[in-house]
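# Structural features, examined
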Amino acid sequence: MYSKTGSNKQKLKHFLSGAIPFVLERKKATGGYCAAPSLPATVDDTYFALRILDLADRLSADADYATGLLQDDNLRSYLFSCQQYLTAGSKTVFRLLRCCRAAGVECNTAAIH
């Protein structure tokens, strides 16, 4: 493992080395992410997946998940479709907006109720 004297950044990098494969295995063909492979993608699960990938980008010079997100047409399509049918609470709307921003999807604020 790592020593108690290791920096928080080192500990977080160690955690992410296991979390990234876990997150990537939960990506659905629709472009969204799910909590378990047998479940459908949700806005909330996609939000947390993108936040973890963003954190990996910030901590590692080798990681570049943000570029992949911007080029992922399935993710962009998934987020766009979520905007069309979302009638959820403010927390889910916030998470959808953050996901859209990460993927470079323009938000249709009129569609979000």
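That block above? That's the structure.
Thresholds, definitions, all that
- Residues numbered from 1 in each chain as written.
- Predicted model: local features only at pLDDT ≥ 70, side-chain atom pairs only at ≥ 80, totals over all residues.
- Heavy atoms only, no water.
- Core = buried A, V, L, I, M, F, W, Y, C linked by side-chain atoms within 4.5 Å.
- Buried < 20%, exposed > 50% of the residue type's maximum accessible area, 1.4 Å probe, protein only.
- Helix = DSSP H or I, 4+ residues; strand = E, 2+ residues; numbered from the N terminus.
- Contact = heavy atoms within 4.5 Å.
- Salt bridge = Lys/Arg side-chain N within 4 Å of Asp/Glu carboxyl O.
- Axes fitted to C-alpha atoms, helices over the stretch in contact; angles between N-to-C directions.
- Parallel < 35°, antiparallel > 145°, perpendicular 65-115°, else oblique.
- Left-handed = near helix turned anticlockwise from the far one by under 90°.
- Nonpolar A, V, L, I, M, F, W, Y, C, P; charged D, E, K, R; others polar.
- Expected span 1.5 Å × (residues − 1).

Let us look at the nonpolar core. Ranked by internal contacts, the top residues of the largest apolar core, which has 23 residues, are Y33, L50, L53 and L79. Among the elements of the structure, helix 1 (8-24), helix 2 (43-59), helix 4 (73-85) and helix 5 (90-103) are those that each provide at least two residues to this core. With sequence-adjacent residues up to four places away left out, L79 is seen in contact with T46, L96, C99, C100, A103 and V105.

Under the criterion given, the structure shown has 4 salt bridges. The salt bridge partner of R95 is D44, with a shortest N-O separation of 3.2 Å. With R95 in helix 5 and D44 in helix 2, this pair connects stretches of sequence that are 51 residues apart. The exposure class of R95 is buried, given its relative accessible area of 15%. Here D44 falls in the partly exposed class, since its relative accessible area comes to 26%. A salt bridge links D54 to R58, with the shortest nitrogen-to-oxygen separation between them at 2.8 Å. With D54 and R58 both in helix 2 and 4 residues apart, the pair spans about one turn of that helix. With relative accessibility at 62%, the residue R58 sits in the exposed group.

Attention now goes to the packing of helix 1 against helix 2. Helix 2 packs onto helix 1 with a crossing angle of 135° between their chain directions and a minimal axis gap of 10 Å. Of the possible angle classes, the one that applies to helix 1 and helix 2 is oblique. Handedness of the crossing formed by helix 1 with helix 2: left-handed. Packed against helix 1, whose contacting residues are K9, L12, K13, L16, A19, I20, V23 and L24, the element helix 2 presents A49, I52, L53, L55, A56 and L59 at the interface. For the contact of helix 1 with helix 2, the class distribution of residues is 12 nonpolar, no polar and 2 charged.

This brings us to helix 2. When the terminal C-alpha atoms of helix 2 are compared, their 24 Å separation across 17 residues agrees well with the 24 Å that a helix rising 1.5 Å per residue should span. Residues V43, T46, Y47, A49, L50, L53, A56, D57 and L59 constitute the buried set of helix 2.

With that settled, the discussion passes to the packing of helix 2 against helix 5. Closest axis-to-axis distance for the helix 2/helix 5 pair is 9 Å, and the angle between their directions is 45°. In terms of their interaxial angle, helix 2 and helix 5 are classed as oblique. Considering how the two elements wind past one another, helix 2 and helix 5 form a crossing that is left-handed. Counted together, V43, D44, T46, Y47, F48, L50 and R51 of helix 2 and T92, F94, R95, L96, R98, C99 and A102 of helix 5 form the full contact between these two elements.

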